[in-house]
Amino acid sequence: MNIETELIKKEIRENIRILINDKKLREAMNLIEEYAKIDSEDIEVYSMKSIVLILQDNMDEAEKIINKGLSIDAENFDLNYNLAYLYEKMGKLSYALKCYKKALENCNDEESKANIKNYIETISAEYSFADMKDRKKIAFFVKQGMDSFLGEIISRLEDEYETKKLL
């Protein structure tokens, strides 16, 4: 893509951030959908869309969007952070911890690292690891891009099993 197109995309992403910060969620979602038509491969689309869905209290759909983005880039800081936050809000603290740790591994900002470490410490202090030890474990082996249906199955099993998706 040329420089002009990249500048336009950057401006649109900034406008989406402004709309989200101003709590104009419907407008932000509309702009996200339009932006996705320009560049559906941009991982930021998944991140921004998940933020809007979380703010709209649509946790199930936000989880689907985040997992779809993570199937493209499992190391993405924003998506792992958003998923950690989502799981924390849903009370799935073991999963929140796992995602915060993954986000921490991929974080380049020192201030964000410090905040994430605080979240990890706070959740660890509140979370009973005995609950996690007693749960059965299940792993799903899947080829990259062939897991479109798997996210919902895993989310349904997470309360009873410790789940892991292996690519």
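Attention in this report is confined to the structure presented alongside it. Remember, predicted model here, so these are calculated numbers, not experimental data.

### Side note on the overall build of the chain
For the chain, the helix and strand inventory stands at nine helices and two strands. Beginning at the N terminus, the succession of helices and strands in the chain can be written as α-α-α-α-α-α-α-α-β-α-β. The C-alpha radius of gyration computed for the chain amounts to 17 Å, which stays within 12% of the reference 15 Å derived for 167 residues, consistent with globular compactness. Dimensions of the chain, computed from C-alpha atoms along their principal axes, come out at roughly 55 × 35 × 30 Å. For the chain, the residues scored as buried account for 37% of the 167 residues in total.

### Comments concerning the pattern of salt bridges
Throughout the structure, instances matching the rule amount to ten salt bridges. Among the ionic contacts, a cluster of salt bridges with common partners joins R13, E14, R17, D42 and E44.

### Some remarks on the packing of aromatic side chains
Applying the stated criterion to the full structure yields five aromatic pairs. For the ring pair Y87 and Y95, a centre distance of 5.7 Å and an interplane angle of 55° mean the geometry is tilted. There is no split in this pair, since Y87 and Y95 are both buried. Seen from their ring centres, Y100 and Y119 are 5.3 Å apart, and the 35° between their planes marks the pair as tilted. You can see Y100 sitting in helix α6 (residues 93-105) and its partner Y119 sitting in helix α7 (residues 110-126), a full 19 residues away along the chain. Judged by relative accessible area, which is 0%, Y100 ranks as buried. Residue classification places Y119 among the partly exposed positions, given a relative accessible area of 31%.

### Overview of the environment of L104
Along the chain, the position of L104 falls in helix α6. Considering only alpha carbons, one finds L104 and I120, 16 residues apart in sequence, at a separation of 9.7 Å. For L104, the contacting residues outside a window of four places in its chain are K113, I116, K117 and I120.

### Some thoughts on the side chain of N76
Looking at where N76 falls in the secondary structure, it is placed in the loop between α4 (59-72) and α5 (77-90). Look at N76 and you get buried, because its relative accessible area is 11%. Within polar-contact distance, the side chain of N76 engages the backbone nitrogen of D78 at 3.1 Å. Leave out the neighbours within four places in its chain, and N76 touches I43 and L70.

Calculation notes
Chains are numbered independently. Their residues run from 1 in the order of the written sequence. Reporting in this predicted model follows two pLDDT cut-offs: at least 70 for local features of residues, and 80 or more for side-chain atom pairs to be given and counted; totals over whole chains, interfaces and linings ignore these cut-offs and use all residues. Side-chain figures throughout are based on the complete set of non-hydrogen atoms in the structure, without hydrogens or water. Counting from the N terminus, the helices are the DSSP runs of H or I reaching at least four residues and the strands are the DSSP runs of E reaching at least two. The globule rule is 2.2 Å times the number of residues to the power 0.38, and the radius of gyration it is compared with is taken over C-alpha atoms. Relative accessibility under 20% of the residue-type maximum defines a buried residue, over 50% an exposed one, and the middle range a partly exposed one, all with a 1.4 Å probe and only protein chains included. Any Lys or Arg side-chain nitrogen found within 4 Å of a carboxyl oxygen on Asp or Glu counts as a salt bridge. What counts as a ring pair is set by centres within 6.5 Å for rings of Phe, Tyr and Trp (its six-membered ring), and what kind of pair is set by the plane angle: stacked under 30 degrees, edge-to-face over 60, tilted for all other angles. Here a residue-residue contact requires only that any non-hydrogen atoms of the pair lie within 4.5 Å. Polar contacts, as used here, are pairs of N or O atoms within 3.5 Å; protein pairs need one atom able to donate a hydrogen and one able to accept it. Residues neighboring in sequence count only if both atoms are side-chain atoms.

Function cannot be inferred from these measures alone, as they are strictly geometric.
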